[in-house]
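A structural walkthrough
One letter stands for each residue in the lines below.
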Amino acid sequence: MPNTPFEDQLDGLLPEVLAAFGEPVTLHRSGVDYPLQGQFEETHGLADAGTTAGLEVEETTIELRLAELPGGDTKAGEIYRDDRLTARGKLWEIIDPQFDGEGGVVCLVHEVQS
């Protein structure tokens, strides 16, 4: 299904946001390093809307633009659970890629202990 004009505008903003506020991230896949620009966050709160009590989960996330990922074009790239990223001098493994439907993906990650 093609994007709406609004979706195209949002997709056009993500590169500018990551250029202004992002930081270097390297994707490691099949022995190849892919330099990317990403948004790193130490914590990410999630709420369980199905109950009266909120549920707060602390998790590290890295947001990436799909078009910058290997196999990507202007609309979609590929990212997988268990892919590894380097950010802020640490190695991270993706445990849950969450696609935003607007050209980006928020990757819940955990630090790989050496």
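In this text the structure is predicted, and so the values were computed from the model without any measurement.

1. A closer look at the overall build of the protein
Each helix and strand in the protein was counted, giving one helix and six strands. The order of helices and strands in the protein, counted from the N terminus, is α-β-β-β-β-β-β. Of the contacts formed within the protein by residues at least 6 apart in sequence, a portion of 46% connects residues at least 24 apart. Working note: accessible area of the protein is about 7000 Å², and carbon and sulfur atoms make up 54% of it.

2. Thoughts on the confidence of the model for the protein
Taken over all residues, the pLDDT of the protein has a mean of 82, while the share at 70 or more is 76%. Here helix H1 (residues 5-21) stands out as the least confident element of the protein, with mean pLDDT 73; strand E4 (residues 84-87) is the most confident, with 96.

3. Quick notes on the environment of Leu 64
You can see Leu 64 is positioned in strand E3 (residues 60-65). For the pair Leu 64 and Gln 37, spaced 27 residues apart in the sequence, the C-alpha separation amounts to 6.9 Å.

4. Section: the environment of Lys 90
Among the secondary structure elements, Lys 90 is positioned in strand E5 (residues 90-99). Along the backbone, Lys 90 and Gln 113 are 23 residues apart, and their C-alpha atoms lie at a distance of 9.2 Å. If we ignore the near neighbours within four places in the chain, the residues touching Lys 90 are Leu 85 and Glu 111.

5. Digging into the pattern of salt bridges
Counted by the stated rule, this structure contains five salt bridges. A salt bridge links Arg 88 to Glu 23, with the nearest nitrogen and oxygen atoms 2.9 Å apart. Of this pair, Arg 88 sits in the loop between E4 and E5 while Glu 23 is found in strand E1 (residues 23-29), placing the two residues 65 residues apart along the sequence. Since its relative accessible area comes to 16%, Glu 23 is described here as buried. The closest approach of N and O atoms between Arg 88 and Glu 42, which form a salt bridge, is 3.9 Å. Here Glu 42 lies in the loop between strand E2 (32-41) and E3 and Arg 88 lies in the loop between E4 and E5, a separation of 46 residues in the sequence. One network of salt bridges, in which partners are shared, links Glu 23, Glu 42 and Arg 88.

Scoring rules and cut-offs
- Residues numbered from 1 in each chain as written.
- Predicted model: local features only at pLDDT ≥ 70, side-chain atom pairs only at ≥ 80, totals over all residues.
- Heavy atoms only, no water.
- Helix = DSSP H or I, 4+ residues; strand = E, 2+ residues; numbered from the N terminus.
- Contact = heavy atoms within 4.5 Å.
- Areas by Shrake-Rupley, 256 points an atom, 1.4 Å probe, with all protein chains shown as cover.
- pLDDT = per-residue confidence, 0-100.
- Salt bridge = Lys/Arg side-chain N within 4 Å of Asp/Glu carboxyl O.
- Buried < 20%, exposed > 50% of the residue type's maximum accessible area, 1.4 Å probe, protein only.

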